[in-house]
Every structure is written in structure tokens, then in C-alpha cells.
Amino acid sequence: MSKSSVAAPATLKTVGYGSNSAQSPLAPFSFERREPGPRDIQIEILYCGVCHSDLHTVRNEWQNTIYPCVPGHEIVGRVTAVGNQVKTFKAGDVAAVGCMVDSCRSCASCRDGLEQYCEVGFVGTYNGEDKHLGGVTYGGYSDKIVVDQDFVLRVPANLDLAATSPLLCAGITTYSPLRHWKVGKGQRVGIVGLGGLGHMGIKLAHAMGAEVVLFTTSPNKKEDAQRLGANEVVVSKNQNEMERQLNRFDFILDTVSAPHNVDAFLQLLKRDGTLCMVGASPEPFPVPVFSLIMKRRQFAGSLIGGIAETQEMLDFCGKHGITSDIEIIPIQQINQAYERMLKSDVKYRFVIDMASLKG
Ligand code: NAP
Ligand code: ZN
Ligand code: ZN
């Protein structure tokens, strides 16, 4: 009888930060990544932004987390190796990775360049199904990543690398709905919440030519919002200020991460206006239908953006000199950063300097 054995795939030792349960803080964690295959790009991660979705996932707030969980999907780094079929990147190039590392590539959404709506389900950069090694995908809070070339983005040469990393989620998640609903000159656009997504929403809507109004629960963010490009700032807890905005908006983008009164924002839409949710509250909240039917208003949602559109957004940011306002942290401070993010106390995105992993 002849013996047969299947060789274990070659792997790369990787260090990062991960969590073992909804209750555990993030802590050092070592794991394996695949060696780059013919179509793969291996990237040394330089910076990774900290998205509120990382926090929702680490704490299992959406009840779909597979542990151990290594979050991070706002990745900028340097290419260290490429497979023999890769033509677009070479060792030494700057490269970026966002929220997806693969999709089915053949369904109607993938064919339309909308991989985020892949009908089979896209492969998330973390907490997705690892089709190569089995198990779960691990994200950007780590020293390296290996990604199929089709899901690797280019960073415009004029942009600061650390401040670019949040564009890979916060940037595309706000850019995509602003484009889809054709926001531009002559329109009055609301952004709800001044955090990571919200501050990118202001910058992008302003660059697209819209008149931008920020709605915030934090009166102390007023001046920052104006500096970022808001024409007006409304404290959403102030009834008088809210009443002055009734029926005045073409489009409102809601980035709030927790349950809140969305009806207060529906009421601000003109006839045929749209309120689009990108904030992903774990708990549902009520939506009164009369606020919709009386003015044919629309209540919508939007998920990140496709790969081609993500590149378009990066190029738009390069052209307009747009990056994120960031606070750089060593990875050892990630748990404190989460607590500050929960208190809406970040200006306006934490970015992990991955060199700190070696320290
Ligand atoms: P963030 O930096 O924490 O910002 C959220 C902002 O919402 C806060 O700064 C705060 O702004 C406001 N806020 C928080 N709690 C609130 C409450 N209880 N009531 C009213 N306002 C509140 O978070 P982020 O990274 O921008 O993410 C925001 C949400 O978008 C998260 O749920 C995240 O998971 C989701 N997300 C969705 C997508 C997508 O594809 N749809 C992609 C990425 C992230 P003020 O201080 O100005 O009030
Ligand atoms: Zn994100
Ligand atoms: Zn698909």
C-alpha cells in the first residue's frame, strides 16, 4: 500500500493584535498567513486606521464574530513580494487594502463592479472565510497581509500615507453614497455625526460642490466641522436649531453608530429627498412611515464601495488633496482608543503606526 500525504501549504508567521472573546481586550496574537500565490501581493503594513466597525466586531455587537478576531480594514503598506502573474505592483510599491479581499467575481453585482454586494458574499478583510488556509480572515492590526492583486489599491503619490489609511473604509463608505445619489453643486446635504465617517463625509461632499450641514451631538466640534468644510453646524439635541432645518435637504448621510431618532432627520428632507444610513447600529430603531409617505421621502442604506469605485475615490482625494484628520497611536494603546471612540472623543480617526508592533 503506497502512502499518500498532502503537504501543508507554506505559511508566513505573522504578528498582530487580536481578541479571543467579546469580553477580552485586544492583545498580542501570532498567526499564519499564506505564502503569496501567483496572483497575490504581500504587503508590509505601515498604517491601519481604527474603524468603529472594528469595535462592533471585536465586541461581537453584530453577533457574527468568529474568534480569535484580528480587526483592521484601513490598510496602507509597502509591497514586499508579488506572485509571478502580478503585473500591476512590484516590491517597494505603496499599496492599500480596504474592507474586502475577495468576492465570487461572477454574480451580477461582481460583474457590475459592486463586489461589496456580491450575492455569494464578499470575503471581508477580517472575520471573513479564509478560502486559502481555511478558518477566518485576519485583518490589518498586524505586520503583513497577503491579498489577491484585484483587491489591492493604489495610493496617489501626493497623499500622506498614515492619513490616507482611513480613506480605505471611512472614505469609500461616504464617497459611494454621495456619488450614487449624485450629490453636487446646488444641493443642500446633511452629514449626521462627526466621527471617522462623518468627517470624511463633510470633506468629500464639500469637494463635490454641495452646501454641507453637520448635525452633531457634540457642541464642542462646531469649529472643527467648519474647518473641515461644513457651511453650517446644527446641534441635533437643540430643538430650535433642528426646527429651522425642516424640509430643506436633498440628501442626508447618517453615520451614527448607535440607536438614535432618525425621524428627526427624515423631517429635514425636502420632497423626494433621501436619508441614507451608513452608521450600523447593532440595535434596530423605529421609523414612522408618515414621515416617508407624506413627501415621498426615501430611507436608504449603503455599504462601503466596490473596488473600482474605491480607486476612483482615492484618485479623487489625490486630485483634491483630501486625507483624514488622524491621531497616530502605537498598537499598545488600541484598547484605550476604543474607549475614547465610544465617547465620540477622536479627532477624527485613530491610525495605528504598525512600527510599534516591533517595539
Ligand atoms: P465614530 O468615529 O465612532 O463616529 C460616530 C459618531 O456618531 C460619533 O463621533 C458621534 O458624533 C456620533 N454618535 C455616536 N453615538 C451617538 C449616539 N448615541 N447618538 C447620536 N450620535 C452619536 O464611528 P465611525 O468609524 O465613523 O463609524 C460610524 C458607524 O458607521 C459605525 O456603526 C460603523 O460600524 C459604521 N460603518 C458602516 C459602514 C458601511 O459600509 N455602511 C462602513 C464603515 C463603518 P457627534 O459627536 O458628532 O454626535
Ligand atoms: Zn470600517
Ligand atoms: Zn459575486
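Bear in mind the structure is a predicted one, so any value in this text is a computation, not a measurement.

Conventions adopted
- Residues numbered from 1 in each chain as written.
- Chains lettered and ligands numbered in written order.
- Predicted model: local features only at pLDDT ≥ 70, side-chain atom pairs only at ≥ 80, totals over all residues.
- Heavy atoms only, no water.
- Near = heavy atom within 4 Å.
- Polar contact = N/O pair within 3.5 Å; in protein donor to acceptor, adjacent residues only side chain to side chain.
- Areas by Shrake-Rupley, 256 points an atom, 1.4 Å probe, with all protein chains shown as cover.
- Helix = DSSP H or I, 4+ residues; strand = E, 2+ residues; numbered from the N terminus.
- Nonpolar A, V, L, I, M, F, W, Y, C, P; charged D, E, K, R; others polar.
- Donors = N, O, S within 2.8 Å, 3.2 Å for Na, K, Ca; no water.
- Tetrahedral: all angles 85-135°; square planar, octahedral: opposite > 155°, others 65-115°.
- Buried < 20%, exposed > 50% of the residue type's maximum accessible area, 1.4 Å probe, protein only.
- Axes fitted to C-alpha atoms, helices over the stretch in contact; angles between N-to-C directions.
- Parallel < 35°, antiparallel > 145°, perpendicular 65-115°, else oblique.
- Contact = heavy atoms within 4.5 Å.
- Expected span 1.5 Å × (residues − 1).
- Arc of directions from axis to C-beta.
- Salt bridge = Lys/Arg side-chain N within 4 Å of Asp/Glu carboxyl O.
- Pairing = 2+ DSSP bridges.

Draft legend 1. Looking closely at the site of ligand 1. Residues in close proximity to ligand 1 total 29 residues, the closest being Thr216, Thr217, Ser218, Lys221 and Arg349. For ligand 1, an oxygen atom lies 2.8 Å from a polar atom in the side chain of Ser53. Its free accessible area being 930 Å², ligand 1 has 89% of it covered by the protein chains. When contributions to the shell around ligand 1 are tallied by element, the ones reaching two or more residues are α1 (52-58) and α5 (196-207). Broken down by class, the residue content of the shell around ligand 1 amounts to 12 nonpolar, 15 polar and two charged.

Draft legend 2. The arrangement of the coordination of the zinc ion (ligand 3) in detail. Listed as protein donors to the zinc ion (ligand 3) are Cys104 (SG), Cys107 (SG), Cys110 (SG) and Cys118 (SG); their distances from the metal cover 2.3 to 2.4 Å. Seen from the zinc ion (ligand 3), its four donor atoms lie at angles of 104 to 120 degrees, and the figure they make is tetrahedral. One chain supplies every donor for the zinc ion (ligand 3), spaced along it as C-x2-C-x2-C-x7-C. With Cys104 in the loop between β6 (100-102) and α2 (108-111) and Cys118 in the loop between α2 and β7 (123-124), this residue pair connects regions lying 14 residues apart in the sequence. The exposure class assigned to Cys104 is partly exposed, which follows from its relative accessible area of 23%.

Draft legend 3. Main features of the packing of helix α4 (residues 170-180) against helix α10 (residues 307-320). Orientation of α4 relative to α10, taken along the N-to-C sense of each, is 100 degrees, at an axis distance of 10 Å. One element, α4, and the other, α10, form an angle in the roughly perpendicular class. Of α10, the residues touching α4 (which contributes Gly171, Ile172, Tyr175, Ser176 and Arg179) are Glu309, Thr310, Glu312, Met313 and Phe316. Classifying every residue of the contact of α4 with α10 gives four nonpolar, three polar and three charged.

Draft legend 4. Quick peek at the environment of Tyr117. Note that Tyr117 resides in the loop between α2 and β7. Classification of Tyr117 as partly exposed rests on a relative accessible area of 35%. Distance in space between the C-alpha atoms of Tyr117 and Gln298 is 20 Å, their sequence separation being 181 residues. Leave out the neighbours within four places in its chain, and Tyr117 touches Ser109, Ser302 and Leu303.

Draft legend 5. Structural context of α10. End to end, α10 covers 20 Å across 14 residues, agreeing with the expected 20 Å (1.5 Å per residue, within 8%). Looking at α10, one finds that the buried residues are Ile307, Glu309, Thr310, Gln311, Met313, Leu314, Phe316, Cys317 and Gly318. Structurally, α10 contributes buried residues whose contacts are with β6, α3 (161-164), α4 and α5. Downstream of α10 by one or two residues, Gly321 has phi in the positive range, about 65 degrees.

Draft legend 6. Looking closely at helix α11 (residues 334-342). Residues of α11 that are buried: Ile334, Ala337, Tyr338 and Met341. Buried positions in α11, seen along its axis, are confined to an arc of 105 degrees and lie on one side of it. As for α11, its buried residues are in contact with β1 (11-18), α1, β15 (326-330) and β16 (349-353). With its phi angle positive at about 55 degrees, Ser344 sits one or two positions after the end of α11.

Draft legend 7. How the structure looks around the environment of Ile307. Mapped onto the elements of the fold, Ile307 is located in helix α10. Separated by 210 residues in the primary sequence, Ile307 and Val97 place their C-alpha atoms 9.7 Å from one another. Apart from the residues lying within four places of it in its own chain, the contact partners of Ile307 are Met100, Gly113, Glu115, Asp150, Phe151 and Leu153.

Draft legend 8. The side chain of Gln42, seen in detail. Assignment of secondary structure puts Gln42 in strand β3 (residues 40-49). By relative accessible area, Gln42 is classed as buried at 12%. Once residues within four sequence positions are removed from consideration, Gln42 is found in contact with Leu12, Pro36, Arg78, Val79, Thr80, Ala81, Lys144, Ile145 and Val146.

Draft legend 9. Representation of the pattern of salt bridges in the model. A full pass over the atoms with the stated rule returns 23 salt bridges. Here Asp224 and Arg227 are joined by a salt bridge, their closest N and O atoms 3.4 Å apart. Here Arg227 and Asp224 lie together in helix α6 (residues 222-228), a separation of three residues that amounts to about one turn. Overall, Asp224 belongs to the buried group, its relative accessible area being 16%. Residue Arg227 is classed as exposed on the basis of its relative accessible area, which comes to 52%. Arg340 is the partner of Asp345 in a salt bridge, and the nearest nitrogen-oxygen pair spans 2.9 Å. When its relative accessible area of 27% is taken as the criterion, Arg340 is described as partly exposed. A single network of salt bridges, built from pairs that share partners, joins Arg39, Asp102, Arg105, Asp148 and Asp150.

Draft legend 10. Looking closely at the pairing of β3. Where burial is concerned, most of β3 is hidden: seven out of the 10 residues are buried. Across five bridges, the pairing between β3 and strand β8 (residues 144-148) is antiparallel. Looking at β8, one finds that Ile43 is bridged to Ile145. Sheet analysis places β3 next to strand β4 (residues 75-82), joined by seven bridges and oriented antiparallel. Its bridge partner being in β4, Glu44 is matched across the sheet by Arg78. As judged from the three bridges shared by β3 and β16, these two strands associate in the antiparallel manner. Residue pairing for β16: Cys48 is matched across the bridge by Ile352.

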